[in-house]
Number of protein chains: 2
Amino acid sequence: MTLPRLGKYIPVLDWGRSYDRTAFGNDMVAAIIVTIMLIPQSLAYALLAGLPPEAGLYASIVPIILYAIFGTSRALAVGPVAVVSLMTAAAIGNVAEAGTMGYAVAALTLAALSGAILLAMGVFKLGFLANFLSHPVIAGFITASGILIATSQIRHILGVDAGGHNLWEMVTSLVAHLPQTNPMTLLIGGLATLFLFWVRKGLKPALRKIGIGPRLADVVTKAGPVAAVMVTTFAVWQFHLADGGVKIVGDVPQSLPPLTMPDFSVGLVSDLLVPAILISVIGFVESISVAQTLAAKRRQRINPDQELIGLGAANIGAAFTGGYPVTGGFARSVVNFDAGAQTPAAGAFTAIGLAIAAIALTPLVYFLPKATLAATIIVAVLSLVDFSILKTSWQYSKADFVAVLATILLTLGFGVEVGVTSGVVLSIGLFLYKTSRPHIAEVGLVPSTQHFRNIKRHKVITDPSILTIRIDESLYFANARFLEDYIFDRVVGDDRLRHVILMCSAINEIDLSALESLEAINHRLDEMCIALHLSEVKGPVMDRLKCAHFLDDLTGRVFLSQYDAMRELLGKLSVSDAIDTNDNSSAKTG
Amino acid sequence: MTLPRLGKYIPVLDWGRSYDRTAFGNDMVAAIIVTIMLIPQSLAYALLAGLPPEAGLYASIVPIILYAIFGTSRALAVGPVAVVSLMTAAAIGNVAEAGTMGYAVAALTLAALSGAILLAMGVFKLGFLANFLSHPVIAGFITASGILIATSQIRHILGVDAGGHNLWEMVTSLVAHLPQTNPMTLLIGGLATLFLFWVRKGLKPALRKIGIGPRLADVVTKAGPVAAVMVTTFAVWQFHLADGGVKIVGDVPQSLPPLTMPDFSVGLVSDLLVPAILISVIGFVESISVAQTLAAKRRQRINPDQELIGLGAANIGAAFTGGYPVTGGFARSVVNFDAGAQTPAAGAFTAIGLAIAAIALTPLVYFLPKATLAATIIVAVLSLVDFSILKTSWQYSKADFVAVLATILLTLGFGVEVGVTSGVVLSIGLFLYKTSRPHIAEVGLVPSTQHFRNIKRHKVITDPSILTIRIDESLYFANARFLEDYIFDRVVGDDRLRHVILMCSAINEIDLSALESLEAINHRLDEMCIALHLSEVKGPVMDRLKCAHFLDDLTGRVFLSQYDAMRELLGKLSVSDAIDTNDNSSAKTG
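Residues numbered from 1 in each chain as written. Chains lettered and ligands numbered in written order. Predicted model: local features only at pLDDT ≥ 70, side-chain atom pairs only at ≥ 80, totals over all residues. Heavy atoms only, no water.

An unreviewed UniProt entry lists chain A under the name Sodium-independent anion transporter, from Thalassospira povalilytica. For the record of chain A, the UniProt heading Subcellular location (unreviewed entry) holds the text "Membrane". (UniProt positions renumbered as here; feature names shortened; annotations may be inferred.)

A. Molecular detail of the overall build of chain A. When helices and strands are counted, chain A shows 24 helices and 10 strands. Judged by the C-alpha coordinates and their principal axes, chain A covers about 105 × 65 × 60 Å. Buried positions account for 55% of the 590 residues belonging to chain A. Of the roughly 24100 Å² that chain A leaves accessible, carbon and sulfur atoms contribute 65%. The positive charge centre, built from 42 side chains, and the negative charge centre, built from 43, are 11 Å apart in chain A. (Helix = DSSP H or I, 4+ residues; strand = E, 2+ residues; numbered from the N terminus. Buried < 20%, exposed > 50% of the residue type's maximum accessible area, 1.4 Å probe, protein only. Areas by Shrake-Rupley, 256 points an atom, 1.4 Å probe, with all protein chains shown as cover. Lys, Arg positive; Asp, Glu negative; His and termini not counted. Charge placed at Lys NZ, Arg CZ, Asp CG, Glu CD.)

B. Spotlight on the pattern of salt bridges. Applying the stated criterion across every chain, the model contains 20 salt bridges over all chains. For Asp472 of chain A, the salt bridge is made with Lys538 of chain B, and the minimal N-O distance between the two is 3.1 Å. Residue Asp472 of chain A is found in the loop between strand S6 (466–471) and helix H20 (477–491), and its partner Lys538 of chain B is found in the loop between strand S8 (531–535) and helix H22 (539–545); the two belong to separate chains. Here Asp472 of chain A matches Lys538 of chain B in class, with each residue buried. A salt bridge links Arg457 of chain B to Asp543 of chain A, with the nearest nitrogen and oxygen atoms 2.8 Å apart. With Arg457 of chain B in the loop between strand S4 (452–454) and strand S5 (459–462) and Asp543 of chain A in helix H22 (residues 539–545), this residue pair bridges two chains. You can call Asp543 of chain A partly exposed: its relative accessible area is 32%. (Salt bridge = Lys/Arg side-chain N within 4 Å of Asp/Glu carboxyl O.)

C. Representation of the pairing of strand S7 (residues 499–503) of chain A. All names here are of chain A. Extensive coverage of S7 is indicated by the burial of five of its five residues. By the bridge criterion, five bridges tie S6 to S7 in an arrangement that is parallel. Bridged to Thr468 within S7 is Ile501. Of the crossover connections in this fold, the one passing from S6 over H20 to the parallel S7 is right-handed. Relative to strand S8 (residues 531–535), S7 runs parallel, the two sharing five bridges. In the sheet register, Val500 faces S8, and the bridge partner there is Leu532. Since S7 and S8 lie parallel, the crossover through helix H21 (residues 512–527) that links them has a hand, and here it is right-handed. (Pairing = 2+ DSSP bridges. Right-handed = clockwise from strand over helix to strand, strands pointing away.)

D. Here's a closer look at the nonpolar core. If you look at the biggest cluster of nonpolar residues, it comprises 144 residues, and the most contacted ones within it are Leu502, Ile510, Leu525 and Leu545 of chain A. With 14 residues, the top contributor of residues to this core is helix H12 (residues 266–297) of chain B. When near neighbours in sequence (up to four residues on either side) are disregarded, Leu525 of chain A contacts Ile487, Phe488, Val491, Val500, Ile530 and Leu532 of chain A. The next biggest cluster of nonpolar side chains, apart from the first, holds 141 residues, and it includes Leu113 and Ile157 of chain A together with Leu467 and Leu534 of chain B. (Core = buried A, V, L, I, M, F, W, Y, C linked by side-chain atoms within 4.5 Å. Contact = heavy atoms within 4.5 Å.)

E. Region of interest: the relation of the copies chain B and chain A. It takes a turn of 180 degrees to lay chain B on chain A, together with a shift of 0.0 Å along the axis; the resulting RMSD is 0.1 Å. When the rotation and shift are considered jointly, the pair of chain copies conforms to a two-fold rotation axis. Relative to the rotation axis, the C-alpha of Ala506 of chain B is the closest in chain B, positioned 1.9 Å from it. Of the residues that chain B buries at the interface, 100% are likewise interface residues in chain A, meaning the two copies contact each other through the same surface. (Least-squares fit on C-alpha atoms with pLDDT ≥ 70 in both.)

F. Inspection of the interface of chain B and chain A at higher detail. The interface of chain B with chain A comprises 72 residues on the first partner and 72 residues on the second. Of all residues in chain B, Tyr396, Phe477 and Leu512 of chain B give up the largest surface area on contact with chain A, accounting jointly for 13% of the area buried on that side. Here chain B and chain A share six salt bridges between them. The salt bridge partner of Glu509 of chain A is Lys434 of chain B, with a shortest N-O separation of 3.1 Å. (Buried area = accessible area lost by both parts, 1.4 Å probe.)

G. A look at the packing of aromatic side chains. A full pass over the atoms with the stated rule returns 18 aromatic pairs over all chains. Ring centres 3.6 Å apart and planes at 0 degrees place the aromatic pair Phe431 of chain A and Tyr476 of chain B in the stacked group. A residue pair is termed interchain when its members come from two chains, as with Phe431 of chain A in helix H19 (residues 416–436) and Tyr476 of chain B in the loop between strand S6 (466–471) and helix H20 (477–491). Grouping residues by exposure puts Phe431 of chain A and Tyr476 of chain B together as buried. An aromatic cluster is present here, built from Phe431, Tyr476 and Phe477 of chain A together with Phe132, Phe431, Tyr476 and Phe477 of chain B joined pairwise through their rings. The lysine or arginine in question, Arg544 of chain A, covers the ring of Tyr396 of chain B, its NZ or CZ lying 5.5 Å from the ring centre. (Phe/Tyr/Trp six-rings, centres within 6.5 Å; stacked < 30°, edge-to-face > 60°. Lys NZ or Arg CZ within 6 Å of the ring centre and 35° of its normal.)

H. Seen up close, helix H17 (residues 388–396) of chain A. Among the residues of H17 of chain A, those classed as buried are Ile389, Leu390, Ser393 and Tyr396 of chain A. Along H17 of chain A, the residues classed as buried sweep out an arc of 145 degrees about the axis, all on the same side. Considering only its buried residues, H17 of chain A is in contact with helix H7 (135–158) and helix H18 (398–414) of chain A together with helix H21 (512–527) and H22 of chain B. (Arc of directions from axis to C-beta.)

I. Main features of the domain arrangement of chain A. The domain architecture assigned to chain A consists of domain 1 (3–405) and domain 2 (440–583). Computed from C-alpha atoms alone, the centre-to-centre distance between domain 1 of chain A and domain 2 of chain A is 56 Å. (Domains from an automatic or database assignment.)

J. Looking closely at the environment of Thr449 of chain B. All names here are of chain B. Tracing the chain through its elements places Thr449 in the loop between strand S3 (440–445) and S4. For Thr449, a relative accessible area of 24% translates into the label partly exposed. Separated by 114 residues in the primary sequence, Thr449 and Tyr563 place their C-alpha atoms 9.2 Å from one another. Within polar-contact distance, the side chain of Thr449 engages the backbone oxygen of Val446 at 2.7 Å. (Polar contact = N/O pair within 3.5 Å; in protein donor to acceptor, adjacent residues only side chain to side chain.)

K. Main features of a nonpolar patch on the surface. Residues and elements named next belong to chain A. Judged by side-chain polarity, Phe24, Met28, Ile32 and Ile36 come together as a nonpolar surface patch covering roughly 330 Å² of accessible area. Relative to the helices and strands, Met28 is located in helix H3 (residues 21–48). Residue classification places Met28 among the partly exposed positions, given a relative accessible area of 31%. (Patch = residues over 30% accessible without salt bridge, like charges linked within 9 Å, V, L, I, M, F, W, Y side chains within 5 Å.)

L. Representation of the side chain of Thr407 of chain A in the model. All names here are of chain A. Position of Thr407 relative to the elements: it lies in helix H18. For Thr407, a relative accessible area of 0% translates into the label buried. Within the structure, the side chain of Thr407 is placed 2.6 Å from the backbone oxygen of Ala403, a separation counted as a polar contact. Every residue in contact with Thr407, bar those within four places of it in the chain, is listed here: Val137, Gly140, Phe141, Gly419 and Gly423.

M. Highlighting the confidence of the model for chain A. Residue and element names in this part refer to chain A. Overall, the predicted model of chain A reaches an average pLDDT of 87, with 95% of residues at or above 70. The least confident element of chain A, judged by mean pLDDT, is strand S10 (residues 580–583) at 43; the most confident is S8 at 95. ipTM for the predicted complex: 0.80, alongside a pTM of 0.82. (pLDDT = per-residue confidence, 0-100.)

N. Quick peek at the packing of H7 of chain A against helix H9 (residues 183–209) of chain A. Residue and element names in this part refer to chain A. Two elements in contact, H7 and H9, have axes separated by 7 Å at closest approach and are oriented at 130 degrees. The angle between H7 and H9 falls in the class oblique. In this structure, H7 contributes His156, Ile157 and Leu158 to the contact, and H9 contributes Thr185, Leu186, Gly189, Gly190 and Thr193. Across the contact of H7 with H9, the residue classes tally to three nonpolar, five polar and no charged. (Axes fitted to C-alpha atoms, helices over the stretch in contact; angles between N-to-C directions. Parallel < 35°, antiparallel > 145°, perpendicular 65-115°, else oblique. Nonpolar A, V, L, I, M, F, W, Y, C, P; charged D, E, K, R; others polar.)

O. Fine view of unusual backbone geometry. Despite not being glycine, Cys529 of chain A has its phi angle at roughly 60 degrees, a positive value. Mapped onto the elements, Cys529 of chain A comes out in the loop between H21 and S8.

What follows is the structure, encoded as structure tokens:
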């Protein structure tokens, strides 16, 4: 195996060789900015996943380094993200009690399983499977997850012990716990939320107004959560608010990521396998969307199958170093990109920054109120909530709308796993349903061209002895009988008919079931003294038909073009059999 | 609601009004022949289902009458059939011990659930769902079921107590029990099997040779099992073979079908729901295939949704009269048809014949050896076994072959439910996989026509400034990204390119995900100063595109035909930009 070939699987060998001082400088600046942003975010997402805060830091260190070695995106920042953290909480909440040792170990197992699944998908080039998550389903899922996540954090803002696994349970539990609200927690949480919203919406314009450059304004804006963390931590410490019931982060071990061992017992693995598959696929889709968007901006390409390997390695890294499932995050990657990261080395420098934080800064977050972390989560995820997909899909395609609406409602009502699975199954089901009842058009010749179009939409030339049918779908088992029924319903009672031409320009495949239907159609038309012809059969379909007896038994012929078919069949008929001009161009059906 | 409208839902009101003496005579003859055939068959299939023999008779009486009222086929004979009996045994074998009261009640519940599912499918017009069982999957499933059924009956021929839920278990259990073989049972069973095979293969030619007419020869042949039953029953009675260990049918109650009540407890219903769905769908597919074949022979039509209602009523009837799941059987229907049945009244007369048998003839089968019934089953089902589908599908389509092979192997290895479910899931999965990686062809103008074909297969005219791509598939979420990647891989580095035309003749739908991909393609081509055009967009697709912004943002135009597109775009270019003639007609890829 030569080095370039190895470089295909370990991209660091490619970009590493041309790494220079400029790249180093750019990467370093990006790393510092991302590190500052990631410290509170990592702690917050660990809280969302139900894990101790340090798990979020650990999940950002070794995984980032492994992704830098194996991943192909130059700007993707890997670590804990909101949706995957929520899915982690949902998955391991079923097998262990939050806060127990078993819970943390289950998180490691989940990361290991996700990593193994991602690696396997990469090695077997199964990245295309992610395409079965349609854009609308993803959009609906992300929106619903954002709502679920924000709702789940309200309890930290109120300082109450509410719970729930879906929106309804969460809201009723919150309402029931409302009387126990801790006023000081609410004050801190409320102010932090308002502050962070203002930072996101109003700070940047304000900074620009007072003459600060756009780049610096951006950096200051991203540091907003750090400011909130510092101020509220100081306030809690100074005014002894923890004694008044304000929940704080408390002791966080001062340590590099520990070496940990996931539990691979059969029972736990089988409980976590399906969630791990869902987390892998969702994580991959989120990550690759970000990576492709950023790569396109710099005219770079990323390799989806290699991305799977990079993310797989990152998750396996998380499993053995005290983390939990990770993926490429949207916000952090965009910050990394905007801050000028040039190579994956920026990620490695970020990892070093976070490692320093894990050793040196953890005592400083002892008094950090959980309400502040909850506020950073709420403000971050509400930017994901976007109902415009409902309007777009309603206008464009009712099938897509149904898939989106179902995904949103089922995610809110039954949780992330049910929601996303239903969305995928439903969108596939709707696609299959549509292909099982294809659009079929009768076509005629557009005058003074050789082009054939629907007789209901265009002014075309037809002949009473010839019926030309264009089936707008590949023929396969699910619609084979539909075509049979359509043709017989149309043909029965039309005594002038001598030829049926199937115009096959839209038929991309004929499977064995459909071939049997075509044989039946040919046979039954023959009994009615009607010949069956084919036109515009595509190369790959024709190759296949030549493997079967069908063409030998066909009562009519196969024409290269529909125009040839019409010309030859009409030539054979008496000329007095005049051509009808069908003027239905105003009709809009069909 | 007027009478003709009611007649749509209760077909008996239509054909009943024109019922005359000729029809009565024909129906009566058919009924007598079918009754003679059904008596041993009903007893045998009950044995296969693990139920007492009378259950088979009961399942043939009321269901036939209900189907005669609600069904649309003139010749379909409804009752117990081999595959559904096997599926019944598999389903209720999981919830109760064969021979117990609970087992028989579970069979009633299964019939009631199947009936309700079939009725619901009929009312909601879901008959199309059966189309998702592809022909090859059905063929593979029937073949594998035939093997399983025949193997399951060998124990009765040997007179041993072997068991097993799949082929492997059955064979090993039979081998283990071989030493306990009862010689007399084996003699009876072996002779009966040989006799029945001879009747099926050799008797009819022999009868024709000695001058007997074809119709009578047929009837005599169908009575073969009755002869085997009579001879072996007499032998067992005369020579007291039951004392020597030959297992006999024993006491069968002399009674009309009893009124029975299925058990609708939640636990049982939830255990039997999935098997009931599978039995409903498989039974419906078997029944409708027979009904359509027979209807086509007399140029009649059957209504699939009304058939669901007919079969649903029949199963509900079976549930409340001591039966078990029923459907339209192939063998009995063909016999009914060949014997001249003209209306569903033939079925009603058959029911009367079987009712008389249930009251009067049941004492006569006391000494009937189970080995004889097993022989009738084996000979009947081995005619279902047909491996030619493996060869046909291998030659025609590897995807179909994989689906067939998997269905056969999984049915044999894991039973009927796993087998048929896997077959359906796999064939849908393979279809989705194919559509997710569509065939894409670059096309050019076939000289002296207006027709465009693949540049790799035909000698066509192209121009270096224009790339025309024909995508041979509808664009939807699963292949949207594939198209994006294809276009960019093709376009990058081709500096002479100014126009990309998507020829949409094979695009039958563009969903929202694909629309977003098209927008991305349009945008990125624009950045490379390449215009994107569409040609031959079909009416329904165009209607949809007009609901979105895409057409406003499109950098190029939408042409009615690909020929118009080429002419107009070339007209705009300098004439010196000569047309290339691409001669690749010998190439066979693409």
